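# Examining the three-dimensional arrangement
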Amino acid sequence: PRLARMFSLPGATPRSIAVGPDGSIYIADPAGHRVWPLTPEGDIAGVWGGYGSAPGMFNAPWGVAVDASGAIYVADTWNHRIQKLDAAGTPERVWGRLVQASVDDPTGWGGFYGPRGVAVGSDGLVYVADTGNNRVQVFDAEGGFVRAFGGSGEGEGQLAEPVSIAVSAAGEVYVADAWHRRVQVFTADGVYVREVAMPTWGAARNEDRPQVAEYGGVLAVTDPAYARIVTFTSTGEVLGVLGDDAQPVTPGGVAIAVGVTYVTDVKGAQVAVYEGEWAP
């Protein structure tokens, strides 16, 4: 892929990015407590949110995802909740509360401690990286709890600071297990499958939490300390790296669509758009 264009987001500190079924783009801006919707051409279509706890307001939202119908899900991190918005940014559903609990404690299911990642599977289920509780929780589209997996620990399937999550069309779940410096791969039911090592994550600053995206058998991973995106096959073989002089200084988030890779630039307040296919 080659750099094709840049989208400017004046005043933003863009992190997670998601692309809707119609090509619309959504970007989480935790420093600004808002979400930026963009048209497929990169024009700013408004700014949603602002600091607060009422529906439609945010407290450092880190994650954003879009389902097949175009509904937007936001990991509203320090409000400890998920917000579901329509295409106009109007809240449709809000769920969550502050909870510190283990993965197998049913009294804590449906609550969060600083969730940073959210993804929607082809099954329509919503997968949340419940960062502070070191687990993944899965919900239906209305916020009904389905299951939880992960849990604190060092072993296979256990997590330490899961900060981003992606789900493939085949139903595999990719979790950025930041403090273990790896991407762990699970089945949709939460069974550990394999992992992809990212030893350079240990050089990142605490605020540069890594992000993952998956599309068409390609796994894309931000490597903030080295200002690059590393891409892998779904089984962990390196495909390539975006990291030349045109690469944003601080990649905050990544998304892949058909023939396009999007990278948010945290310090430059912009989005880099690369055109070209990754060959898995």
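Residues numbered from 1 in each chain as written. Predicted model: local features only at pLDDT ≥ 70, side-chain atom pairs only at ≥ 80, totals over all residues. Heavy atoms only, no water.

### Description of the sheet that holds strand β15 (residues 173–177)
What the four strands build is an open sheet, ordered β14-β15-β16-β17; its pairing is antiparallel. Looking at strand neighbours, the two that pair on one side only are β14 (162–167) and β17 (192–197), the edges of this open sheet. Neighbour-to-neighbour, the strand axes of this sheet turn through a mean angle of 20°, independent of strand direction. Strand direction decides the pairing type here: strand β16 (residues 182–186) and β17, joined by five bridges, are antiparallel. Residue pairing across strands places Arg 182 opposite Ala 197, the latter belonging to β17. (Pairing = 2+ DSSP bridges. Helix = DSSP H or I, 4+ residues; strand = E, 2+ residues; numbered from the N terminus. Axes fitted to C-alpha atoms, helices over the stretch in contact; angles between N-to-C directions.)

### With respect to the pattern of salt bridges
Enumeration over the complete set of coordinates arrives at 13 salt bridges. A salt bridge links Glu 275 to Arg 5, with the nearest nitrogen and oxygen atoms 2.6 Å apart. On the criterion of sequence distance, the pair formed by Glu 275 in strand β24 (residues 270–275) and Arg 5 in strand β1 (residues 2–8) is long-range, its members being 270 residues apart. Note on Glu 275: relative accessible area 39%, which makes it partly exposed. (Salt bridge = Lys/Arg side-chain N within 4 Å of Asp/Glu carboxyl O. Buried < 20%, exposed > 50% of the residue type's maximum accessible area, 1.4 Å probe, protein only.)

### Concerning the sheet that holds strand β3 (residues 25–29)
Within the open sheet, the four strands sit side by side as β2-β3-β4-β5. Their pairing is antiparallel. Of all strands in the sheet, those bounded by a partner on one side alone are β2 (17–19) and β5 (48–49). With two bridges joining them, strand β4 (residues 34–38) and β5 adopt antiparallel strand pairing. When the bridges of β5 are listed, Arg 34 appears paired with Gly 49.

### Observations regarding the packing of aromatic side chains
Under the definition given, this model contains eight aromatic pairs. Here Tyr 26 and Trp 48 contribute two aromatic rings whose centre-to-centre distance is 5.8 Å and whose plane-to-plane angle is 35°, an arrangement assigned as tilted. Of this pair, Tyr 26 sits in strand β3 while Trp 48 sits in strand β5, and the two are 22 residues apart along the sequence. Geometrically, the ring pair formed by Trp 109 and Phe 145 is stacked, given 4.7 Å between the ring centres and 10° between the ring planes. In this pair, Trp 109 is assigned in the loop between β9 (91–95) and β10 (117–120) and Phe 145 in strand β13 (residues 145–150), connecting sequence segments 36 residues apart. The ring of Trp 62 is capped by Arg 209, whose NZ or CZ atom sits 5.9 Å from the centre of that ring. (Phe/Tyr/Trp six-rings, centres within 6.5 Å; stacked < 30°, edge-to-face > 60°. Lys NZ or Arg CZ within 6 Å of the ring centre and 35° of its normal.)

### A look at the environment of Val 193
Position of Val 193 relative to the elements: it lies in strand β17. Residues Val 193 and Thr 235, spaced 42 residues apart in sequence, show a C-alpha to C-alpha distance of 9.9 Å. If near-sequence neighbours (up to four positions away) are discounted, Val 193 is found in contact with Glu 172, Val 185, Phe 186 and Thr 187. (Contact = heavy atoms within 4.5 Å.)

### As for the nonpolar core
Grouped burial of nonpolar side chains is what soluble globular proteins tend to show. Counting 15 residues, the largest nonpolar core has Tyr 174, Val 183, Trp 201, Val 212, Leu 219, Val 221 and Phe 232 as its most contacted members. Put simply, the parts of the chain that give this core at least two residues each are β14, β15, β16, β19 (218–223) and β20 (228–233). Apart from residues lying up to four places away in sequence, Phe 232 is in contact with Val 196, Met 198, Gly 217, Val 218, Leu 219, Val 221, Glu 237, Val 238 and Leu 239. (Core = buried A, V, L, I, M, F, W, Y, C linked by side-chain atoms within 4.5 Å.)

### Some thoughts on the pairing of strand β12 (residues 135–139)
For β12, the tally of buried residues reaches five of five residues, placing the bulk of the element in the interior. Burial of β12 is two-sided: the residues Arg 135, Gln 137 and Phe 139 facing one way and the residues Val 136 and Val 138 facing the other way are all buried. Note: strand β11 (residues 126–130) against β12, five bridges, orientation antiparallel. Bridge pairing in β12 links Asp 130 to Arg 135. In textbook terms, the turn of a hairpin is the stretch between consecutive antiparallel strands, and for β11 and β12 this stretch comprises four residues, one of which, Asn 134, has a positive phi near 55°. As paired strands, β12 and β13 are joined by five bridges and run antiparallel to one another.

### Comments concerning the side chain of Thr 131
Note that Thr 131 resides in the loop between β11 and β12. Judged by relative accessible area, Thr 131 falls into the buried class, the value being 2%. Within the local environment of Thr 131, its side chain forms a polar contact with the backbone oxygen of Gly 114, the two atoms lying 3.4 Å apart. Residues within four places of Thr 131 in sequence aside, it is in contact with Tyr 113, Gly 114, Pro 115, Arg 116, Glu 161, Pro 162 and Val 163. (Polar contact = N/O pair within 3.5 Å; in protein donor to acceptor, adjacent residues only side chain to side chain.)

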